[in-house]
Amino acid sequence: MRFAELADAYGRLEATSKRLEMRQILADLIRPLRGEELAHVLYLSQGQLLPEYEGVELGVAGSLAVRAVAQASGVAEATVATHAKRAGDLGTTAEELLGPRSAPAASAALSVRDVYDGLREIAAAKGEASQAEKIRVLTGLLERAGPQEAKFLVRFVLGTLRVGVREMTILDALATAFADGSKDARSKIEAAFNVSSDLGLVARTLVDHGVEGLARIGLEVGRPIRPMLAEREPSLEAVLKRMGGEAALEYKYDGLRIQAHVPAHGAPELFSRRLENMSAQFPELIADLPKALAVKPAIVEGECVPIDLDTDEIQPFQEVSRRRGRKHDLDKAQAEIPVALFLFDVLLAGHEDVSAEDFPARRRRLEQILRPTERVRLAQQRIVRTVDEATAFLEEAVSGGAEGVMAKSLGPGSRYRAGARGYWWIKYKRDYTTGLTDSIDGVVVGGFAGRGRRAGRFGAYLLAVYDPKRDKFESFCKVGSGFDDEQLREMPRRLKPFEVDAAPPSVETGLTPDQWFRPGLVIEVRGAELTLSPIHRAAAGAIRPGVGFALRFPRFTGRIRDDKGATDATTSKELLEMYRGQVRREAPEGEGEA
Ligand code: ATP
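Keep in mind it's a predicted model, so treat the numbers as computed, not measured.

Thresholds, definitions, all that
- Residues numbered from 1 in each chain as written.
- Predicted model: local features only at pLDDT ≥ 70, side-chain atom pairs only at ≥ 80, totals over all residues.
- Heavy atoms only, no water.
- Helix = DSSP H or I, 4+ residues; strand = E, 2+ residues; numbered from the N terminus.
- Buried < 20%, exposed > 50% of the residue type's maximum accessible area, 1.4 Å probe, protein only.
- Polar contact = N/O pair within 3.5 Å; in protein donor to acceptor, adjacent residues only side chain to side chain.
- Contact = heavy atoms within 4.5 Å.
- Near = heavy atom within 4 Å.
- Areas by Shrake-Rupley, 256 points an atom, 1.4 Å probe, with all protein chains shown as cover.
- pLDDT = per-residue confidence, 0-100.
- Expected span 1.5 Å × (residues − 1).
- Arc of directions from axis to C-beta.
- Domains from an automatic or database assignment.
- Buried area = accessible area lost by both parts, 1.4 Å probe.
- Salt bridge = Lys/Arg side-chain N within 4 Å of Asp/Glu carboxyl O.
- Nonpolar A, V, L, I, M, F, W, Y, C, P; charged D, E, K, R; others polar.
- Phe/Tyr/Trp six-rings, centres within 6.5 Å; stacked < 30°, edge-to-face > 60°.
- Pairing = 2+ DSSP bridges.

1. Some remarks on the side chain of Arg 223
Summarising the element assignment, Arg 223 is placed in the loop between α12 (199-213) and β1 (229-232). Given a relative accessible area of 9%, Arg 223 falls into the buried group. Within the local environment of Arg 223, its side chain forms a polar contact with the backbone oxygen of Gly 218, the two atoms lying 2.6 Å apart. Leave out the neighbours within four places in its chain, and Arg 223 touches Tyr 53, Ser 196, Leu 201, Ile 217, Gly 218 and His 261.

So, in structure tokens, the structure goes:
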């Protein structure tokens, strides 16, 4: 396929925010593709070169891209930089400056393969001469690119491709292009993606073996599975009722979720909740895991928390977050902030895929294969049948350093559900008993200029929840409190890559911030309660037409959720459930049910 065709499709995708239209454009684009080319187009459309968990980074800074555009267009670097500043986007600049050249000869036209290989070369360039090498390859591609191709190439390398194709839309397109587009086909395609986290692999298997053939995509050590997620209930009574009167309660450790892949031989790999490779961060877990598991290969899940090894006391989570992203001083960090991994699930035991077994069977497996070490332990668990038993266990958990309990269904259907949120797991935190039930993970979509002490910075941020059905980000609050000075400085730096000059099409809000951000950064907030609001759009229409939810007295908890991407934020459906839980608590007679 010619790269021009792909760029043309991106142009059309960019011009629409309708999910149905996007699905059609994408389906038409990929229908003729096969094999590697199909996989490459899917990765590229997500702004990636490989599945996200591979963590490939291009390492192209803005200044480097400016130089490549200057060289390819013959315009001075300073002029390119000024133009980009004015346009607010180097992609648009490339499109305009490369426009007047005579069109590249047909023989020089770029194919998708040329672009993909070039980008891989750019990503692979390491070491001293890497900058020059990256510029050379990028310039070479730009010289052969038409204006629109240049625009998307530049945006791709800068990580600002905003055609906005999210995984869910790609899954829709796959079902339309390569299956009958039915709900059943769509859910099988999604299931295959949930166990493999690799859209390229799913697409190729679908083309080669059909919808039924997707079942052949199984667990593989080194390839993360999308995590099973929990619902909420507002009381332990409701939890037990939901679970049919009996549940396994576990400590809900407050740390980082880790999926550990332990091969038969060689070093384990660790993945975060959003499937980032975390192996470099926790060498002590890498060292202990092979010893701790009697059967290998294995894939196990647990929560990594800071712990005082002398007293076995769990420490506050902030300790472990300080270790994130630290590449240097790891030895020091290990000694200063020791961590332990509390395992709560097993998916692969030996060569056996146990993910389809019910939870009690998986827990027995885990207990059988685990030889606990100082660093790798078993999550505390108790089977409870009454509210009194549950309350007693919750109190134990909280005094033991957990933030609450995680209830797990023991019934049929309690298999591991990759990538799904459901009532087979229910989280219940201690502070559910007063005010709003839980913290909310909001996506930053806008910034408001500060005044007074905050002049020259953002004083408040506009946050949104995610609606996966409509693929939209809906605002629910403007938050300014809870930030300390360091965080006020840190936030603009973290948000820089997401700055855009107009409201992103996927964002819905009644407010107009001074700066828009493409949905990317997720932060945790708490508030007093959820109220109805005509300005905010979260779950709009769920209670009354045109009215959404707003969080009253929102406050940043100090936690930037690096382990979550925009689409992992709290969903509008969750917000609706939190609102209902809140109403039920306030009106026990039940008339508050909206
Ligand atoms: P979610 O993961 O549901 O989107 P979140 O990341 O904000 O939400 P919480 O709402 O605090 O996290 O609760 C879910 C998380 O709790 C799990 O993803 C996991 O990291 C953690 N956790 C701690 N202990 C357990 C346990 N025993 N079983 C399962 N998960 C646990």
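2. Here we look at the site of the ligand
The ligand sits among 19 residues. The nearest are Lys 252, Arg 273, Glu 303, Lys 408 and Lys 427. Within the contact set of the ligand, an oxygen atom lies 2.5 Å away from a side-chain nitrogen or oxygen of Glu 303. At 2.8 Å, a side-chain N or O of Lys 408 approaches a nitrogen atom of the ligand. In isolation the ligand offers 600 Å² of accessible surface; the protein chains occlude 94% of this area. Taken together, the elements giving at least two residues each to the shell around the ligand come down to β2 (247-252), β11 (404-408) and β12 (421-429). The leading source of residues in the shell around the ligand is β12, at four residues.

3. Observations regarding the confidence of the model for the protein chain
When pLDDT is averaged along the protein chain, the result is 90; 92% of the residues meet or exceed 70. Across residues 588-594 the pLDDT falls below 50, and counting only partners more than four positions away or on other chains, this stretch makes eight contacts in the model.

4. Quick look at helix α18 (residues 387-399)
Residues separated by three or four positions in an α-helix point in the same direction, a consequence of the helix having 3.6 residues per turn. Helix length check: α18 (13 residues) gives 18 Å between terminal C-alpha atoms against 18 Å at 1.5 Å per residue, within 8%. Inspection of α18 places Ala 390, Phe 393, Leu 394 and Ala 397 among the buried residues, and these make up the whole buried set. Each buried residue of α18 lies within a common arc of 105 degrees when the element is viewed along its axis, so the set occupies one face. For α18, the exposed residues set more than 90 degrees away from the buried face come down to Asp 388 and Ser 399. With its phi angle positive at about 100 degrees, Gly 401 sits one or two positions after the end of α18.

5. Focus on the domain arrangement of the protein chain
Examined at the domain level, the protein chain breaks down into domain 1 (48-158), domain 2 (229-431) and domain 3 (440-580). The gap between the C-alpha centroids of domain 2 and domain 3 is 29 Å. Interface area for domain 2 against domain 3, summed over the two sides, is near 1200 Å², with a carbon-plus-sulfur share of 35%. The largest contributions to the domain 2 side of the interface with domain 3 come from Arg 232, Arg 273 and Arg 274, which together make up 44% of the buried area. The tally of links from domain 2 across to domain 3 stands at five salt bridges. Two residues, Glu 574 and Arg 421, come together in a salt bridge whose shortest N-O distance is 3.7 Å. Counting the contacts that link domain 2 with domain 3 gives five residue pairs in polar contact (both at pLDDT 80 or more). When contributions to the side of domain 2 that touches domain 3 are tallied by element, the ones reaching two or more residues are β1 and β12. Its residues assigned to classes, the side of domain 2 that touches domain 3 shows three nonpolar, one polar and nine charged.

6. Brief notes about the packing of aromatic side chains
For the structure shown, the criterion picks out 13 aromatic pairs. Look at Tyr 253 and Phe 342: their rings are 4.3 Å apart centre to centre, the planes differ by 10 degrees, and that puts the pair in the stacked class. Pair noted here: Tyr 253 is in the loop between β2 and β3 (256-262) and Phe 342 is in strand β7 (residues 339-349), with a separation of 89 residues, a long-range link. Accessibility expressed as a relative area gives 5% for Tyr 253, which makes it buried. A centroid spacing of 5.9 Å and a plane angle of 85 degrees characterise the contact between Phe 344 and Trp 425, whose relative ring orientation is edge-to-face. With Phe 344 in strand β7 and Trp 425 in strand β12, this pair connects stretches of sequence that are 81 residues apart. Note on accessibility: Phe 344 and Trp 425 belong to one class, buried.

7. So, unusual backbone geometry
A cis amide bond, omega 0 degrees, links Lys 296 with the succeeding residue Pro 297. Along the chain, Pro 297 falls in the loop between α14 (283-292) and β5 (298-308). Backbone geometry places Ser 197, a non-glycine residue, at a positive phi of 55 degrees. In this structure, Ser 197 sits in the loop between α11 (183-196) and α12.

8. A few points about the pairing of strand β21 (residues 548-552)
Counting buried residues in β21 gives four out of five residues, a clear majority hidden from the surface. Pairing between strand β20 (residues 529-533) and β21: five bridges, direction antiparallel. Counterpart to Glu 529 in the pairing with β21 is Arg 552.

9. Here we look at the pattern of salt bridges
Under the criterion given, the structure shown has 54 salt bridges. Measuring nitrogen to oxygen at the nearest pair gives 2.5 Å for the salt bridge that ties Arg 155 to Glu 14. Residue Arg 155 is found in helix α9 (residues 147-158), and its partner Glu 14 is found in helix α1 (residues 3-14); the two are separated by 141 residues along the sequence. Residue class for Glu 14 comes out partly exposed when judged on its relative accessible area of 26%. For the salt bridge of Arg 19 with Asp 172, the shortest nitrogen-to-oxygen distance reads 2.9 Å. Of this pair, Arg 19 sits in helix α2 (residues 19-30) while Asp 172 sits in helix α10 (residues 167-178); the two residues are 153 residues apart in sequence, bridging distant segments of the chain. Connected through shared salt-bridge partners, Glu 14, Asp 89, Glu 95, Lys 151 and Arg 155 make up one network.

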